[in-house]
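Breakdown of the fold
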Amino acid sequence: MHQSGAGDNVTPFSGFTDLNQLSQVLKGATRPASPTTVSNIIELPLSQNKKALKSYLREKLFPVNHDIRTVLYKTLAKRIECNESMFGSQLYNDFIRETFPDTSSQYSEIPLPNIVDAAELTYFYLNDEGIQTLHKILACIALHFPQVSYSPVLGIAVALFLHYDDDPAQVFSHACRLIFASSKQAHYLDISKLETDASAVLLKDLSQRYTSSSHKSLLSLTSDPLTVYREWIRCLFHGLPFTYIVVLFDMYLLEGYKSLYRVSLAILKFYRKMGVSSSTDIVNAVFQFVEGIESRINVNLLFRKAFGFKMPPSKDVKKLHRRIQSNLSQNPVNTTELKHYRNPWTYLSLVRDVQSDIVNETLLSTLYCHIPEQFALYKPKVVFSTNVNGYSLQALYSYSGEMEPTILLIKTTGDEVLGAYLSSPLKERRETSGYFGTGETFIFSLQPEAQIYAWVEVAPKKGDPGRDHQKNFKVLPPVKPPIKSGKGITLPPIRYEVSLTPNTPQPRPVSESVSLPPLVGVSCSPSSQSSLKYSELENDNEKRNMFIMASETGLAIGGGGGYGLFVDASLRNGQSQRCATFANQPLVPHEVFVCSVVEVLVFVKE
């Protein structure tokens, strides 16, 4: 505790804080520490289980200057299960004595170790001595624990501990408890770039599941919402007011990252309701919304919304994080493109039992590399097949229209395999006569050549380097039928390239001419497609947002100048053209095809 000079007026803050700056955010004076209240909070964690303590803290939401904070963080930190043999306060004291014998060293002379990024670290209301102490604690951690290579939350946690603790060695021990947490129930700290990336992907996946409308709003502004989710730590600990952050840290010490996910989802929910616009810089738009959140959403409302999400148990969230981390670790490439660079071998056990007349495990595991991670964790199941349910688009709607997401698979009479990943349920056709869906929808071919065409995002400005629409073209390795043998199957070598000038497949005769009925609003004429130029795509954002159209006449994916993929009501005739939505090459030669088999796959939990 810290004397304010007013006699019995005592604050819960340590001597490492700048009380003059803190006074600007404190509302009302702090009472002298109440022995009864302090005793209760010390005894409560010992006598109550975690669930009871969690309910108690959620109900109270103690303000930053409440007298209980003299012991709250210390007590919560000591509850974290960990391997205590890995560290001790003496380790820090020895480090200080040997490394900083001159106690007059200024904090500016103590550089930050590379386990934290200076741009991601915030000191909140620490004074110069507090900042110096923070740097020393992080330097000690970097020296003794090389397994910690990168941790954006670690420095923030140490800074918050120092606001309420005058003992640096004890704060060092608190930080070590986060690093060496052994609980199977919660994930407390990312200590590498890979783990940090996995947390961003997991937040995206949770957003798609629990705040799908917010996620879809982001997709309307960017084709890569992961750029927003990667900034989630900065939004929380740099954007939120300090009065919100301190309460959030209470929950973090109990639930780990799950509490951070909760509040992030609540922010996205409120952002969609109050702040979504056609901003060209969505990352900064979200950050500015968080910075001004106090004037719109009080702390009670924000946390009530966060606690209202029916999320999986903490242990399941931790397992999901590990699974995503494992997937990302298969190919150590640029993390901005990790979602395109996953290993088919990872999914072989999931897809090998699929009962499909179109794809085998080789083809499907290749496709799984491009399915959003939270769905690629589940097994595929065929819910509609023309071989079983008949050649009828209405039957396809009946068997699969309520489900999301789905995979549409088509095998042609020429043995091509193509299809689309549909991010929204086909039942949405009842709510609109036009297009629906989100930017996660994509079209693909798997045989004879594997290609993925994702949404091209909004039209790039003329002369904007690095935004060429052809970069959307992802070339996967050629797919060969698996060798049938007693030794199982052999996947083709995995090799990923990005082609800026993809070659159009050579035309070859089709078995018969096909006459396709047009859908409303977009021409299907091959001649109109042959004259389509990129300048036409560049100036038509509306057409580039045409994802799915489902009617009595046919099912189309992609639009603007032509259909990326189309099948008619009989599920016999199809067409694939260049379209503005995906800036794709036709998925089949001559653009038209006859369907041999059509299937719809969904994702089911094991």
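All residue numbers refer to positions counted from 1 along the written sequence of the respective chain. It should be noted that, the model being predicted, local features are given only for residues of pLDDT at least 70 and side-chain atom pairs only at 80 or more, the latter also being counted only at that level, while totals for whole chains, interfaces and linings use all residues. With hydrogens and water set aside, each side-chain value is computed from the structure's full complement of heavy atoms.

Considering the packing of aromatic side chains
Quick note on the threshold: In this scheme Phe, Tyr and Trp rings, the latter by its six-membered ring, pair at centre separations within 6.5 Å, and the angle between planes marks the pair as stacked below 30 degrees, edge-to-face above 60, and tilted otherwise. Starting at the N terminus, helices and strands are each numbered in turn, a helix being any DSSP run of H or I of at least four residues and a strand any DSSP run of E of at least two. Relative accessibility thresholds used throughout: buried, under 20% of the residue-type maximum; exposed, over 50%; partly exposed, between the two (1.4 Å probe, protein chains only). Geometrically, a lysine NZ or arginine CZ counts as sitting over a ring once it is within 6 Å of the ring centre and also within 35 degrees of the ring normal.
Summed over the entire model, instances satisfying the criterion amount to 27 aromatic pairs. For the pair Y257 and Y261, a centre-to-centre distance of 6.1 Å together with 80° between the ring planes defines the contact as edge-to-face. Placement of both Y257 and Y261 in helix 14 (residues 257–274) is noted, with a separation of 4 residues, approximately one turn of the helix. Exposure class is identical for Y257 and Y261. Each is buried. One aromatic cluster is present, formed by F13, Y73, F161, Y164, Y188, W232, F249, Y252, Y257 and Y261 through successive ring pairs. Directly above the aromatic system of F307 lies the positively charged group of R58, at a separation of 4.2 Å from the ring centroid. Taking the ring centre of Y391 as reference, the NZ or CZ of R572 above it sits at 3.6 Å.

Quick notes on empty space enclosed by the protein
It is the rolling of a water-molecule-sized probe over the atoms that shows where space remains empty. Spelled out, the test is: Throughout, the protein atoms alone are placed on a 1 Å grid, and a set of points is a cavity if a 1.4 Å probe fits but cannot get out or a pocket if it is open with protein on both sides within 12 Å along at least five of seven lines; lining residues have an atom within 4 Å of a point. Grid points are joined across faces, edges and corners, and a volume is the space filled by probe spheres set on the points. Each residue receives one of three labels: charged for Asp, Glu, Lys and Arg, nonpolar for Ala, Val, Leu, Ile, Met, Phe, Trp, Tyr, Cys and Pro, and polar for the others, Gly being one of them.
Considering all chains together, one arrives at 4 cavities of 30 Å³ or more under this definition. Within this model, the largest cavity holds a volume of roughly 110 Å³. As for the largest cavity, its lining consists of L203, V228, Y229, E231, W232, C235, L236, S264, I267, L268 and V286. Tallied by class, residues from the lining of the largest cavity come to 9 nonpolar, 1 polar and 1 charged.

So, the layout of surface pockets
Empty space within the second largest pocket amounts to approximately 730 Å³. Among the elements of the structure, helix 9 (193–210), helix 10 (212–219) and helix 17 (314–329) are those that each provide at least two residues to the lining of the second largest pocket. Looking at which element gives the most residues to the lining of the second largest pocket, the answer is helix 17, with 5 residues. For the lining of the second largest pocket, the residue count by class is 10 nonpolar, 6 polar and 10 charged.

Digging into the side chain of K258
Note the cut-off: His is not counted here, nor are the chain ends, while Lys and Arg score as positive and Asp and Glu score as negative. Salt bridges are defined as contacts in which a side-chain nitrogen from Lys or Arg sits within 4 Å of a carboxyl oxygen from Asp or Glu. By definition, residues are in contact when any of their heavy atoms lie within 4.5 Å.
Tracing the backbone through its elements, the reader meets K258 in helix 14. Buried and without a salt bridge, K258 has E255 as its closest oppositely charged side chain, separated by 4.4 Å. If near-sequence neighbours (up to four positions away) are discounted, K258 is found in contact with M311, P312, P313 and S314.

Points about the pattern of salt bridges
A complete count under the given rule lists 12 salt bridges for this structure. Residue K54 pairs with E255 through a salt bridge whose shortest N-O separation is 3.7 Å. Placement of K54 in helix 3 (residues 50–60) and of E255 in helix 13 (residues 242–255) is noted, with a sequence separation of 201 residues between them. Close ionic contact of E402 with R430 constitutes a salt bridge, the shortest N to O distance being 3.3 Å. Separated by 28 residues along the polypeptide, E402 in the loop between helix 21 (393–400) and strand 4 (406–412) and R430 in the loop between strand 5 (417–422) and strand 6 (442–447) bring together distant segments of the chain. Here the salt bridges share partners, and the residues they tie into one network are K54, R58, E255 and R262.

A look at unusual backbone geometry
Cis geometry is found at the peptide bond from E404 to P405, where omega equals -15°. Here P405 is to be found in the loop between helix 21 and strand 4. Positioned with a positive phi, F124 is a non-glycine residue whose angle comes to about 55°. Its place among the elements puts F124 in the loop between helix 5 (89–99) and helix 6 (128–144). Its identity as a non-glycine residue notwithstanding, L571 has a phi of 55°, on the positive side. Secondary-structure assignment places L571 in the loop between strand 12 (565–568) and strand 13 (573–575). Assessed through its relative accessible area of 0%, L571 is described here as buried.

Brief notes about the nonpolar core
Here is a general trend for soluble globular proteins: nonpolar side chains tend to be buried in one another's company. Under the convention used in this document: The set of buried Ala, Val, Leu, Ile, Met, Phe, Trp, Tyr and Cys residues whose side-chain atoms join them within 4.5 Å is what this entry labels a nonpolar core.
Counting residues in each nonpolar core, the largest one holds 116 residues, and the members touching the most others are L154, L240, Y252 and L302. Here this core gets 11 residues from one element, more than from any other, and that element is helix 13. Apart from the residues lying within four places of it in its own chain, the contact partners of L154 are I115, L138, I141, V148, A175, I179 and L189. Counting residues in hydrophobic clusters, the runner-up holds 35 residues, among them A395, Y397, L565 and V598.

Brief notes about the state of the cysteines
The following threshold applies: Criterion for a disulfide: a pair of cysteine sulfur atoms at a distance within 2.5 Å.
Applying the stated criterion to the full structure yields 0 disulfides. Between C82, a free cysteine, and C176, which holds the nearest cysteine sulfur, the sulfur-to-sulfur gap is 8.7 Å.

Quick notes on the packing of helix 10 against helix 14
Short version of the rule: Inter-axis angles, ranging from 0 to 180 degrees, are taken between N-to-C directions of lines fitted to C-alpha atoms, where helices are fitted over the stretch in contact. By definition, any crossing whose near helix is turned counterclockwise from its far helix by less than a right angle is left-handed, and any crossing with a clockwise turn is right-handed.
The contact between helix 10 and helix 14 brings their axes to 9 Å, and the two run at 60°. In this structure, helix 10 crosses over helix 14, and the sense of that crossing is left-handed. For the pair formed by helix 10 and helix 14, the contact residues are S213, S214, S217 and L218 on the first element and L268, K269 and R272 on the second.

Things to note about the side chain of T211
Mapped onto the secondary structure, T211 falls in the loop between helix 9 and helix 10. With a relative accessible area of 0%, T211 lands in the buried category. T211 has contacts with L206, L265, K269 and F309, leaving out every residue within four places of it along the chain.

A few points about a positive patch on the surface
Here is the rule we go by: Patches in this entry comprise residues that are over 30% relatively accessible and not in a salt bridge; like charges within 9 Å are linked, as are nonpolar side chains (Val, Leu, Ile, Met, Phe, Trp, Tyr) within 5 Å. Residue exposure ignores everything except the shown protein chains as possible cover, and the areas themselves are Shrake-Rupley values with a 1.4 Å probe. Here the site of a charge means atom NZ of a Lys, CZ of an Arg, CG of an Asp or CD of a Glu.
Together, K269, R272, K273 and K305 give the surface a local cluster of positive charge. Given the relative accessible area of 31%, K269 is considered partly exposed.

Concerning helix 14
We count it as follows: Here the expected span of a helix is defined as 1.5 Å times the quantity of residues minus one.
In a regular helix each residue adds 1.5 Å, so 18 residues correspond to 26 Å; helix 14 covers 26 Å between its end C-alpha atoms and thus fits that length. In terms of burial, helix 14 is largely enclosed, as 14 of its 18 residues are buried.

Section: helix 21
The test is simple: What qualifies as a polar contact is a pair of N or O atoms within 3.5 Å, subject to a donor-acceptor requirement within protein and to the restriction that residues adjacent in sequence count only when both atoms come from side chains.
Within the sequence span of helix 21, burial applies to L393, A395, L396, Y397 and S400. Capping the start of helix 21 is the job of one residue whose side-chain oxygen sits 3.3 Å from the backbone nitrogen of Q394: S392.

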